[in-house]
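# Descriptive structure summary
Residues per chain, in single letters:
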Amino acid sequence: VLIDIKDEVARGAALDIQQAAPLLNSDSIVTGTSDPQAIAGAELVVVSAGLHRKPGMDRSELLESNAAILGDIIENVAKYAPQSLLIIASNPADILTYFAWKRTAWPEKRVIGLSGVLDSARMAAFIAMETGFSISDINALVLGGHGDAMVPLPRYSCIRGIPISHFLNDEATKQIVQRTRKAGSEILGLKKNSSAYNAPAGAIYTMVEAIAKDKKRILPCISVLNGEFGYKNMAMGVPCVIGADGIEKVIEIDLNKEETTLLKRSVDSIANDLEKLDMLITPDQNIYKYLPN
Ligand code: LAC
């Protein structure tokens, strides 16, 4: 079921998907509505509502408006689908994932944010474009926040198990890292009236499939941290085992000095936004300050 405050828009979008079902050999029934109660009993809810950026804007600039939009939505999810898992795709995704976790007071593993699957796909696409090798053999990893300070990790990126440093020199790798960080803005700058759409949709599909089929995939997703990588009371992209229970485990990988510094920079930018969120939410729902261990 698709839900939008604009009832007819939701119904139209649902019909469009329904009419694609025969072509995808799918017997799914897709409906659209503005009634939040339609999610009653849902096992998984994906929230992609909110404003998108205009060219030149930072994702953090959406915080105030999108926290307001998500406040009501999260309340409805907690009310009508209290047993569900929640995927947050709205921006700024790290902050809003934390916000959703705080608001629902659900266990950390049930609230998952979209970031690393998308950012890693982008990095993999750039590696394929640069090397000319099949995307089937390319595996990239991006951690940290879903903002310009995100941390693409060339050392953990490979082509059929062979580190990318075997194929790409430092300069080429640096370009790929930079382009990955700005990949969303690059698209926005070209399209102007819409942010990226297909790659985020594909990333959400990947996460939903891992949950629905209990695949135990290792996917970089935004998780609320409880000491992992040295941080707690905040959320950011980390490697997660994703299955039917949501984030079944956060996998802590070794980071070298440079990678640790880059992650800290990303954390600082998230912390900055969390403080803004702190001012936006009422005292009884107050968040704790993030605390590096
Ligand atoms: C992007 C937006 C969706 O990265 O955050 O394209």
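Not measured: the values here are computed from a predicted model.

Most of strand 11 (residues 217-226) sits out of view: 7 of its 10 residues are buried. Bridge analysis of strand 11 against strand 12 (residues 231-243) gives 10 bridges, and the strand direction is antiparallel. Residue pairing for strand 12: Cys221 is matched across the bridge by Val238. Joining the antiparallel neighbours strand 11 and strand 12 is a turn of 4 residues, in which Gly227 adopts a positive phi near 105°.

Our next topic: helix 5 (residues 170-181). An α-helix turns once every 3.6 residues. As a result, residues three or four positions apart point the same way. The end-to-end C-alpha distance of helix 5 is 17 Å, a good match for the 16 Å that 12 residues give at a rise of 1.5 Å each. Within helix 5, the full set of buried residues consists of Ala172, Thr173, Ile176, Val177, Thr180 and Arg181. Lining the buried residues of helix 5 we find helix 4 (116-131), strand 7 (142-143), strand 8 (151-152), helix 6 (183-191) and helix 8 (257-280). Between a side-chain oxygen at the N-terminus of helix 5 and the backbone nitrogen of Glu171 the separation is 3.2 Å; the capping residue is Asn169.

Our next topic: the packing of aromatic side chains. For the coordinates displayed, the defined rule picks out 2 aromatic pairs. On the basis of an interplanar angle of 55° and a centroid distance of 5.5 Å, the ring pair of Tyr98 and Trp101 is categorised as tilted. Highlighted residues: Tyr98 and Trp101, both in helix 3 (residues 93-104), separated by 3 residues, approximately one helical turn. Here the two residues Tyr98 and Trp101 agree in accessibility, since each one is buried. In this structure, Arg110 packs its charged tip against the face of Trp106, placed 4.1 Å from the ring centre.

The rules we used
Residues numbered from 1 in each chain as written. Predicted model: local features only at pLDDT ≥ 70, side-chain atom pairs only at ≥ 80, totals over all residues. Heavy atoms only, no water. Buried < 20%, exposed > 50% of the residue type's maximum accessible area, 1.4 Å probe, protein only. Helix = DSSP H or I, 4+ residues; strand = E, 2+ residues; numbered from the N terminus. Pairing = 2+ DSSP bridges. Expected span 1.5 Å × (residues − 1). Contact = heavy atoms within 4.5 Å. Polar contact = N/O pair within 3.5 Å; in protein donor to acceptor, adjacent residues only side chain to side chain. Phe/Tyr/Trp six-rings, centres within 6.5 Å; stacked < 30°, edge-to-face > 60°. Lys NZ or Arg CZ within 6 Å of the ring centre and 35° of its normal.

On their own, these measurements won't tell you what the molecule is for.
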